[in-house]
Amino acid sequence: MATASRNNWFLLLPAALCFIAPAARGQKAARVTVSGFVQDARTGEKLLGAAVYVAGGQTGTATNAAGFYSLTLAPQDSLTLTASYLGYQRATVTLAGRQTTAQSFALTADNQLQDVQVTGQVDAPLERRVEMSTLQIPVSQLRQLPALLGEPDVLRAFQLMPGVQSGREGSGALYVRGGSPDQNLTLLDDVPIYYVSHIGGFLSMFDANAISDVRLLKGGFPARYGGRLSSVLDVRLKEGNKQRLSGNAGLGVLATHFSLEGPLPNGKTTFLVSARRGNLDLFSRVASRLSSGGNSVVGYSFYDASLKVSHQLTARDQVFAAVYLGGDRLFLTQKPQTIANPKGDFRYQGESNLRYGNALGSVRWNRQFSPRLFGNVTLAATRFRYENGQSYHSEDDSPAQRSEDSEALFASGVQDVQVKADFDYYPSPAHQIRFGATAVHHVFTPGVNSFTTSSNTAAVDTAFGSRRVAAREGVVYAEDEIRLTTRLSANVGLRAVAYSVNGQTFGGVQPRVLATYLVGEHTALKASFSTMQQYLHLLSNNGAGLPTDLWVPATARIAPERARQVAVGVAHTVAAWGVEISVEAFQKSLRDLIEFREDATFYNSSQDWQDKVVTGGRGQVQGLELLVQKKTGRLTGWVGYTLARNERQFNQLNGGQWYPYKFDRRHDASVVLIYQLRPRITLSATWVYGTGNALTLAEANYNVVEQSYGQELPSNVAKDRYFYQEAELYGAKNSFRMRAYHRLDIGATFTKTVRHGERIWRVGAYNAYSRNNPYYIYYSLDAAQQKQLYQLSLFPILPAISYERSF
Amino acid sequence: MRHITDTVPVAVPIRDAWFSFPTGTDRNRELLGTVVVRFDDPAATANYYEISGYQESQFITLDPRGNAAITAEDDSELNPKSLVFSDKLFNGMPFELRASFHPTNGGTSNGVPFTRPPRLVLRAVSRAYYQYRKSWTRHLFNQGGKGDTYDLNQLLFLGDPSAMYSNVNGGYGVVVGYASRSVTLPLR
C-alpha cells in the first residue's frame, strides 16, 4: 500500500488545487471588480485574447482561453469599459463604478456589416501585450490563403511565419526555431495530441471548419506550458453556435468535409460536429482495380471528426465534452483469386494495412469561483496508435489439401490519461496570476511484432518487441503577469515537473521570465528566458514519405531532452496603417538529443529501441526574425524574414564534429498578401524563399561484391561468379546544399449569398510559376556514361478548386 | 600492413526443402510460386544466415511474408537481394521459411502451369558478413536503388545516407567468411 501511495502522489496535485484555489475568493475586496466574458454576437462563440480596457487605455486586460476577463479597480463614480477584438466592432459600456459588477460583451464581426473589410485599429497592440514570439493567424484569414489542392490547412499557414519552417517540399510539419516536429506540443482544447498530420505530413489533422482559435508560441513560454522543447501549438475547437443551427459542407480534390453546430432546445447546450474525409482513395481504388484487372485495390484514405458539446450549468459553471478522432490508412487488398489447376484449384487472398491516428476524449469544467477567480478542470484521455499489418490466406483442392493462414502485425503507440486544474486569479490590474497542476499517466508501446502462421505443415504464434512502459508525470506551475510600472511589465513563472518511469524519477524546476518595456507610445523592448524539458522522444525514420513514428519515454539510459532559450526583441505598431512590426533575436541551446543510429532499423523490435539510438546530442540555434504584419484594411498580410543557423553534434556521428541540421536554413522569407477586391471576392498570394536544405553526398566510391554465386552453382551456369556494385564514401554530414527553394501560390475566393446561406468557390494554384524545387539530389550516369548530379523535384504547378456551402 | 581476421562458420545442413507452383499471383496477375526450406539452428552459438534462390543463373527475389525472424530484420522495404538474418528469435530451434517468388521462366503443359525447379542456397555466415550485408542493403537503398532495383520513386522514401560496414580498421571493405549448402528444390 505504501508503494501505491508513493506512486499515486501525483494524482493529488490537481485535486488539492481544486480545494485550495477557491479560498482566494474569501479575501476581502478593497476594490471593485468587473468581470465577464467577451463573445461573438452572432454565434455566441467566446473570443480568446480580446482586449478589455478602461477608457483612456492605461488599465486593461485580455480574455483568457475561456473568453473570461476580470478587472479589479479603485472604486469610482462611473466606469467606461471597452471590449475589442481584431475583425470586430468595439463595444463600450458605462457602469456604476462602486460595486462589483458582472459585465459581458457581445461583439459584432466586421464582415456582418456593410463594409466587409477588416477595419478599425488594433486595440491590443503588439507592444502592449505581455508576450513575445507568439504567432496568431485568425481562422477567417487562414481560410483565405492559397491552399495546397484547395484544402485550407491550419498548420501550413504557420509555415509562412518567421521562425517556422516546412522541412521538405509539401510537408505540413513545423520546424520551429530549429527544433524538430516532435519538439512541438500540440494542444487541442488543452489536451496533447501526438500526431498532427494526414498523408505523411501533407495536410494537418485539424479541420479549419471546427477551429475557433489557433496560436503558436515559439519562445517566451509562460509557465503553464511545457513538456516539449521548441513550441506550443494551442488549438481551440469551436463551442458551437449559441444562436441558431448553422453549418457548411465542402468538396475539394483532397477532401470532403461537413460541419454542423447549434443550440439544443433547452437553450443551455450547444454542439459542434465536424467530419472530413480524404478523397484520394476514391481515385486510386478505381485506378488500381483497372490496372490490376480487378485483382487488387490500393489506396490511401484519411478522416478526422470532432464532436464538442458545451452546457451552461449555472451562470458561473459551464461544462464541455469533446471527442476527436483522426486517422490514416494505406492499404493494399488482394481480392480472393482462384488459379485453375487440373491438380486442384488454388485459392488465396491477402491484405496489407498501414494505419495510424489519434483518439482523444475530454471533459472540462469551467467555473467562475468569484469575480476574480476563474478555474478550469480537465479530465482527458488521448491516444496515438500506429499499426502495420499483413494477412494472407491460401488453400487448394489438391490431394494434399494444402492451406496457410498467416498474419503479421507491428504495433506501436502511446496513450495518456490526464487530469489537470488551471486557475486564473486577478487580484488587481497589476497582477494576473495563473497557477495549476497536472497529473498524467502515460503508457508507451514502443513497438511490438506479432506473427501467427498456421498451415497443414507448421504453426507459429509468436510476439516480441519492447515491453509496454508506464510513466507518471506530475506538474505544478505558477506565473504572474505583473505590471511593475506604467511602462514595465513582466510574466514571471516557475514550472516544476516530476516524471517517473521504471523506478527512475526525473525532475526539475523550469524558470520562465518575460519582460516588456514601453519606449514611447508605440514601441516596446521585449526579452524572455525560458527552460524546457521533454520527457518523451520520437523515433522517426530519417527520410520523408510514410509516417513511421514511435513515441518512447525518457529512461535511465535515454535522458530527457532539455532546451534553454533567450530572446530579445522590439515591437512597434504604426497605428495609422494598422501595421505591427516585430524584430526578435534568439539563441536556443538543446541538450540530450537523440538520433536513430545510422545502421539501425525501424521495425526491428527484436532489438531494444534503446540500442537503436545515439544519445547525448547537442544543438545550437541562433536566429534573427523580422515580421511586418498588416491586420486591417483591404490589403492585409505580412512579410517575414528569418536569418538563422542551426547545428547539431553527437559524439557518435560525423566524427564528433558539429554539422548543419538537415533543415538548417540561413535565409527564409515569405510574403503573404490578401486583398479584398470586392466585397465578395478576395485575392491572395504567398511567396516563399528558403536556402536549400543540407545534404550528405558521396565524395568517392569503391567496388563491393553485391552478390556472389561462390561454388553453389555449377560453373557452366554461373559464368561470372561475382557481381559488383559501387559503394559510396560520404563526405562530412550535411555539408552539401541543395539549390534555393522558392514558390508562388495564388488563390481567389468567391463568396455569394444564396438562399439559406453562402456558397464559396475557391480556386488557386500551388507553385504558380512551376519552379523545379529540389526534393533530393542523387548521382546518375548521363548519356556519355559520365556520373552527374541530378535533382528530383516533386510538384510542378498544381491547380485546385473547391466548393463550399454554408447555411 | 593490416591484419584482419574472421571466422568461417560451420555449415548448417538443409533438413528439408521443396517448392510449389503456382501458389498465387501478383498485382499484374503473374503467377507466383512458394519455396519452403527447413533447417535446425545450432543452440550453442549465435548464428547468422543468408538464404538466396536462383533459377538457372538468375536470382529470384524471395518474399518471406509473415516470417517473424526475417521481418524482425526490417529489410523488406529495402529491396534486399537475399534474406540475411540472425537466429535471435529461434536460437537452437528448428527453422522454417516459406517465401513466395517470381519464376524467371515457365509456361503451361497440358493446361498445368510449370516452372523450372529453383536452386536454394543456405549460407551460415559470420557476424561480420551479416553486418556487411545489412549495411549494404541500406547503403544501396539510400542511393536511390541502383542496378536492377533502380527506381527514382524510391527517392521519396529514403533516409539519410548510410555508411558501409567495414572490419578493416582505418580503411574500407570487409574480409568475411561463410559456409554454404545448396539444393535444387523438388516440386510438391
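The notes below deal with the structure included here. All of these numbers come straight from a predicted model, not from anything done at the bench.

## Points about empty space enclosed by the protein
Residues and elements named next belong to chain A.
(1) Moving on: Inspection of the entire model under this criterion finds 11 cavities of 30 Å³ or more.
(2) Moving on: Of the pockets and cavities examined, the largest cavity occupies roughly 450 Å³.
(3) Moving on: What lines the largest cavity is a set of 38 residues, and nearest its centre among them are Gln159, Ser166, Val688, Tyr741 and Arg743.
(4) Moving on: Elements represented by at least two residues in the lining of the largest cavity include exactly helix H4 (154–158), strand E10 (164–165), strand E39 (667–678), strand E40 (681–690) and strand E45 (741–754).
(5) Moving on: Here the residues of the lining of the largest cavity sort into 17 nonpolar, 11 polar and 10 charged.

## Some remarks on the side chain of Arg329 of chain A
All names here are of chain A.
(1) Moving on: Locating Arg329 in the fold gives a position in strand E22 (residues 317–339).
(2) Moving on: Separated by 2.6 Å, the side chains of Arg329 and Asn353 make a polar contact.
(3) Moving on: Sequence-distant contacts of Arg329, defined by excluding residues within four places in its chain, comprise Arg285, Gly299, Tyr300, Ser301, Glu351, Asn353, Leu354 and Arg355.

## So, helix H2 (residues 127–141) of chain B
(1) Moving on: Taking 1.5 Å of rise per residue, the 15 residues of H2 of chain B would be expected to cover 21 Å, and the 21 Å separating its terminal C-alpha atoms lies within 8% of that figure.
(2) Moving on: With 13 of 15 residues buried, H2 of chain B lies mostly within the body of the structure.

## Some points on the pattern of salt bridges
Oppositely charged side chains can form a pair if their charged atoms are brought close together.
All names here are of chain A.
(1) Moving on: Under the criterion given, the structure shown has 47 salt bridges over all chains.
(2) Moving on: Salt-bridge contacts for Arg129 lead to Glu131; the nearest nitrogen and oxygen are separated by 3.1 Å.
(3) Moving on: Across the pair Glu625 and Arg177 runs a salt bridge, and its minimum N-O distance is 2.8 Å. Here the residue Glu625 occupies a position in strand E36 (residues 613–630), and Arg177 occupies one in the loop between strand E11 (175–176) and strand E12 (184–188), the gap between them amounting to 448 residues.
(4) Moving on: Bridged by salt links that share partners, the residues Arg224, Asp424, Arg434, Glu479 and Glu481 form one connected network.

## Description of the sheet that holds strand E5 (residues 78–84) of chain A
Residue and element names in this part refer to chain A.
(1) Moving on: Taken together, the 4 strands give an open sheet; going across it, the order is E3-E2-E5-E6, and neighbouring strands pair in antiparallel fashion. Two strands in the sheet have a free side with no partner beyond their single neighbour: strand E3 (60–62) and strand E6 (91–96). For this sheet, the mean inter-axis angle between neighbouring strands, taken without regard to orientation, is 20°.
(2) Moving on: In the sheet, strand E2 (residues 51–54) pairs with E3 via 3 bridges, with the strands oriented antiparallel. Within E3, the residue paired with Ala51 across the bridge is Ala62.

Definitions and cut-offs
Residues numbered from 1 in each chain as written. Chains lettered and ligands numbered in written order. Predicted model: local features only at pLDDT ≥ 70, side-chain atom pairs only at ≥ 80, totals over all residues. Heavy atoms only, no water. 1 Å grid on protein atoms, 1.4 Å probe; cavity = no way out; pocket = protein on both sides within 12 Å on 5 of 7 lines; lining within 4 Å. Points joined across faces, edges and corners; volume = space filled by probe spheres on them. Helix = DSSP H or I, 4+ residues; strand = E, 2+ residues; numbered from the N terminus. Nonpolar A, V, L, I, M, F, W, Y, C, P; charged D, E, K, R; others polar. Polar contact = N/O pair within 3.5 Å; in protein donor to acceptor, adjacent residues only side chain to side chain. Contact = heavy atoms within 4.5 Å. Expected span 1.5 Å × (residues − 1). Buried < 20%, exposed > 50% of the residue type's maximum accessible area, 1.4 Å probe, protein only. Salt bridge = Lys/Arg side-chain N within 4 Å of Asp/Glu carboxyl O. Pairing = 2+ DSSP bridges. Axes fitted to C-alpha atoms, helices over the stretch in contact; angles between N-to-C directions.

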